[in-house]
Amino acid sequence: DVKVTQSSRYLVKRTGEKVFLECVQDMDHENMFWYRQDPGLGLRLIYFSYDVKMKEKGDIPEGYSVSREKKERFSLILESASTNQTSMYLCASRTGGAETQYFGPGTRLLVL
Amino acid sequence: SQQGEEDPQALSIQEGENATMNCSYKTSINNLQWYRQNSGRGLVHLILIRSNEREKHSGRLRVTLDTSKKSSSLLITASRAADTASYFCATIDSWGKLQFGAGTQVVVTP
């Protein structure tokens, strides 16, 4: 079974803090994705990576950056957290060219 | 921007009843996928239907696709309490990225 894990299920941070969200997958998938999920808006793509050291902006990249130094790990960075970044963050991965994605359990981030 | 729009936003049914939810999308597609999300968890892929298919079954799930109307439906037959979840349709854009709708929240009561 594909396993996608995220470093935290719940996280509380203060405005202005630098926040790291980690995602690890164990199936040697090339592609990895970061989404945020907000009520009524569904999932919105923040960043994605087709392979190691590659990154592409998604639909809402502002205020975020990412890092993909190893194939199995994709990190989402909030350089200076703001209250409007309070959300559920979901990581996903897939084999390059595959049509379906495998999701992690999500990190619920609260920025105070 | 959202590609898929699910309808209804919320659905409440009793165990044993069928649940039907619809998805409309905007652009041409190669396939459409349905995912389930249990409360506070990640999404799980349920079923994929290709643009040249009209209907597909997987266990108690039945998916239809009408490309002329740019719509799809997901039917869950003989629902169970464990089917309580949010259901999302998703399409793939030209970059290979999934575009999700806002989801239908289904509550199945015993």
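Check the entry above for the structure.
Residues numbered from 1 in each chain as written. Chains lettered and ligands numbered in written order. Predicted model: local features only at pLDDT ≥ 70, side-chain atom pairs only at ≥ 80, totals over all residues. Heavy atoms only, no water.

Novice: Describe the overall build of chain A, naming the residues involved and giving the relevant values.
Specialist: When its secondary structure is counted, chain A shows 0 helices and 11 strands. Going from N to C terminus, chain A has its helices and strands arranged as β-β-β-β-β-β-β-β-β-β-β. Computed over its C-alpha atoms, the radius of gyration of chain A comes to 13 Å, within 12% of the 13 Å expected for a compact globule of 112 residues. Across its three principal directions, the C-alpha atoms of chain A cover 40 × 25 × 25 Å. Relative to its full complement of 112 residues, chain A shows a buried share of 49%. Within chain A, residue pairs in contact and separated by at least 24 positions form 55% of the contacts whose partners lie at least 6 positions apart. (Helix = DSSP H or I, 4+ residues; strand = E, 2+ residues; numbered from the N terminus. Rg over C-alpha atoms; globule rule 2.2 N^0.38 Å. Buried < 20%, exposed > 50% of the residue type's maximum accessible area, 1.4 Å probe, protein only. Contact = heavy atoms within 4.5 Å.)

Novice: Explain the interface of chain A and chain B to me, and be specific about the residues and the numbers.
Specialist: Of the residues lining the interface, 21 residues belong to chain A; the matching set on chain B comes to 22 residues. Both sides of the chain A and chain B interface together cover about 1700 Å² of buried area, and 49% of this is carbon and sulfur. Looking at the side of chain A facing chain B, the largest losses of area belong to Leu-43, Glu-99 and Phe-103 of chain A, adding up to 30% of the total buried there. Between chain A and chain B we count 1 salt bridge in total. The closest approach of N and O atoms between Arg-50 of chain B and Glu-99 of chain A, which form a salt bridge, is 2.8 Å. Between chain A and chain B we count 7 residue pairs in polar contact (both at pLDDT 80 or more) in total. (Buried area = accessible area lost by both parts, 1.4 Å probe. Salt bridge = Lys/Arg side-chain N within 4 Å of Asp/Glu carboxyl O. Polar contact = N/O pair within 3.5 Å; in protein donor to acceptor, adjacent residues only side chain to side chain.)

Novice: Quick one: what's the story with the sheet that holds strand 8 (residues 73-78) of chain A, residue by residue and with numbers?
Specialist: By way of backbone hydrogen bonds, the strands of a sheet pair with one another, either parallel or antiparallel. Residue and element names in this part refer to chain A. As summarised here, the arrangement of the 4 strands in space is 1-3-8-7, forming an open sheet in which the pairing is antiparallel. Pairing within the sheet leaves two strands with one partner each, and these edge strands are strand 1 (4-6) and strand 7 (64-70). Recorded for the sheet is a direction-independent mean angle of 20° between the axes of neighbouring strands. Relative to strand 8, strand 7 is paired through 5 bridges, and the arrangement is antiparallel. Counted as the bridge partner of Lys-70 is Arg-73 from strand 8. (Pairing = 2+ DSSP bridges. Axes fitted to C-alpha atoms, helices over the stretch in contact; angles between N-to-C directions.)

Novice: Run through the sheet that holds strand 3 (residues 19-24) of chain B, naming residues and quoting values.
Specialist: Residues and elements named next belong to chain B. Pairing is antiparallel across the open sheet formed by 5 strands, whose spatial order is 1-3-8-7-6. Of all strands in the sheet, those bounded by a partner on one side alone are strand 1 (5-7) and strand 6 (55-58). Taken pair by pair, the neighbouring strands of this sheet meet at an average axis angle of 20°, ignoring direction. Sheet topology note: the strand 3/strand 8 (residues 71-76) ladder contains 6 bridges and is antiparallel. Bridge assignment links Asn-22 to a residue of strand 8, and that residue is Ser-73.

Novice: Got a sec to walk through the state of the cysteines? Specific residues and values, please.
Specialist: All names here are of chain A. A full pass over the atoms with the stated rule returns 2 disulfides over all chains. The disulfide partner of Cys-23 is Cys-91, and the S-S distance across this bridge is 1.8 Å. Judged by the sign of its S-S torsion, about -75°, the cystine formed by Cys-23 and Cys-91 is left-handed. Placement of Cys-23 in strand 3 (residues 19-25) and of Cys-91 in strand 9 (residues 87-94) is noted, with a sequence separation of 68 residues between them. Grouping residues by exposure puts Cys-23 and Cys-91 together as buried. (Disulfide = S-S within 2.5 Å.)

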